[in-house]
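If you want the building blocks of each chain, they are given just below.
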Amino acid sequence: MENKKPYDYLIVGAGLFGATVAYRARQAGKRCLVVDRRSHIGGNVWQQDMAGIAVHTYGPHIFHTANREVWDFVSRFVTMNHFINSPLANYNGKLYNLPFNMNTFRQMWGITSPDAARRIIDEQRARTVTALHGREPKNLEEQALCLVGRDIYQTLIKGYTEKQWGRPCTELPAFIIRRLPVRFTYDNNYFNDPYQGIPEEGYNTLIDKLLEGCDIRLGVDYIPGRAELDALADKIVYSGSIDEFFDFQLGHLEYRTVRFDTQILDMPDFQHNAVVNYTSPTQLHTRIIEHKHFTCFGKEVMRNPQTVISYEYSVEWKKGMEPFYPLNNQRNQSLYERYTELAKTTPNVLFGGRLAEYKYYDMDKVIEKAMQLPL
Ligand code: UDP
């Protein structure tokens, strides 16, 4: 039978997942329509120019991966710079290096040898380890105490985590804190991955190139318009929230979102680093981002007399907001599993990405998943 539909694929969501899938489909000669409810492409990696500085509109996006194939894929479209994420933590005015490494331990305890650091951590974690009786830590607090002990947990983890997730650490899954390295060397690189950087041309260029040859409709909300849109394509790739796709019929999944207070300042350098986390519960923001530091290094920083900073505030997601982080606790995880059962009843829809898979993915994982999607 002759195919009468104008597109092979309707791709819902013009973020990193949708754009990578669209690129693969185009390479295979498929006709793609990409829709997004926002007025721009790129989802949360989209950037805006302010005072000549590329601003990460939806929070800092630092590309890092251990997957050479993913790195090479991205490098086909943009040139990655040599940015290495080395955030600082500010606890009531005192600065600490992150992730947890010998610099942090020296700042915390005045010690300089790994043996001395291990001794203090072992002493501080002993009580928690004994109480576990050999079982795995069942929440973030137990996990953090086992990894780095009481002092670091109280100073650098508890306040930040509870602000970011809006829940006590005892009610959060342990895996969240396992994202962070713990090192007994003086190494402030936040990631263990061998490849890391920020696109020199910006993320918008990456997305533009991935979407080349696709028809794009922005400001189009798929959910209310689905009947009409579904009729345009044989297959649908959906990267929005999975519970919304099914009209929340099994209940709402929970998300956290982020509010940004972004300011242009008449000074060349505000905090001398791209990311400073505020780990005390008394300061309401979770971190301050100074965007020029992602792409300007050394003397270049002073060339622009202005700088752009964003205060980040973590907020519980409510209808009408952009969902940022899935909240992978037990309740949400089992609800998500039930949605995946429902998804089996819609075989012409492929689900993927941070929201559709309800996973705390980094950008490289999103691309990896999009590369593996059976088209
Ligand atoms: N975290 C923390 N203190 C910090 C930074 C991170 O306790 O200064 C914890 C926090 O629970 C957070 C988790 O580590 O949710 C993972 O942090 P990551 O930087 O990977 O989060 P991202 O911003 O990349 O989502």
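Refer to the structure printed above.
The rules behind each value
Residues numbered from 1 in each chain as written. Predicted model: local features only at pLDDT ≥ 70, side-chain atom pairs only at ≥ 80, totals over all residues. Heavy atoms only, no water. Helix = DSSP H or I, 4+ residues; strand = E, 2+ residues; numbered from the N terminus. Buried < 20%, exposed > 50% of the residue type's maximum accessible area, 1.4 Å probe, protein only. Contact = heavy atoms within 4.5 Å. Lys, Arg positive; Asp, Glu negative; His and termini not counted. Charge placed at Lys NZ, Arg CZ, Asp CG, Glu CD. Pairing = 2+ DSSP bridges. Axes fitted to C-alpha atoms, helices over the stretch in contact; angles between N-to-C directions. Near = heavy atom within 4 Å. Polar contact = N/O pair within 3.5 Å; in protein donor to acceptor, adjacent residues only side chain to side chain. Areas by Shrake-Rupley, 256 points an atom, 1.4 Å probe, with all protein chains shown as cover. Nonpolar A, V, L, I, M, F, W, Y, C, P; charged D, E, K, R; others polar.

Before going further, it helps to examine the overall build of the protein. Looking only at helices and strands, the protein has ten helices and 16 strands in total. Counting only C-alpha atoms, the protein reaches 75 × 55 × 35 Å along its principal axes. In the protein, which comprises 375 residues, the proportion classed as buried is 55%. Restricting the contact set of the protein to residue pairs at least 6 apart, pairs at least 24 apart contribute 73%. Once the 44 positive and 44 negative side-chain charges of the protein are each reduced to a mean point, those two points are 3 Å apart.

Turning our attention to the sheet that holds strand β10 (residues 233-238). Judged by pairing direction, the sheet is parallel, and its five strands sit side by side in the order β9-β2-β1-β10-β16 without closing on themselves. Each having just a single partner strand, β9 (215-218) and β16 (349-351) make up the two edges of the open sheet. On average, each strand axis in the sheet is inclined to that of its neighbour by 20 degrees, with strand direction left out of account. The sheet contact formed by strand β1 (residues 7-12) and strand β2 (residues 32-36) spans four bridges and is parallel. By the bridge assignment for β2, leucine 10 is matched with leucine 33. Across the sheet, helix α7 (residues 222-230) touches β1, β2, β9 and β10, and the angle it forms with β10 is around 155 degrees.

Attention shifts here to the site of the ligand. Around the ligand sit 17 residues, and of these Thr161, Trp165, Arg179, Tyr190 and Tyr360 come closest. The separation between an oxygen atom of the ligand and a polar side-chain atom of tyrosine 190 is 2.6 Å. Relative to its unbound accessible area of 530 Å², the ligand is 93% covered by the protein chains. Element by element, the count of residues in the shell around the ligand is highest for helix α5 (residues 140-165), at six residues. When its residues are assigned to classes, the shell around the ligand shows eleven nonpolar, four polar and two charged.

As a further point, take the environment of glycine 166. Secondary-structure assignment places glycine 166 in the loop between α5 and β8 (195-197). Of the residues examined, glycine 166 reaches a relative accessible area of 45% and is grouped as partly exposed. Sequence-wise, glycine 166 and serine 314 are 148 residues apart; in three dimensions their C-alpha atoms are separated by 7.7 Å. Residue contacts for glycine 166: discarding those within four places in its chain leaves Thr161 and Arg256.

This next bit is on the sheet that holds strand β14 (residues 307-316). Within a sheet, neighbouring strands are paired by backbone hydrogen bonds and run either parallel or antiparallel to one another. With respect to topology, seven strands assemble into an open sheet ordered β7-β6-β12-β13-β14-β11-β15, the strand pairing being mixed. Bordering the open sheet on either side are β7 (94-97) and β15 (325-326), each of which pairs with just one other strand. In the packing of α5 onto the sheet, the strands contacted are β6 (88-91), β7, β11 (255-265), β12 (275-278), β13 (287-290), β14 and β15, and the crossing angle to β14 comes to about 70 degrees.

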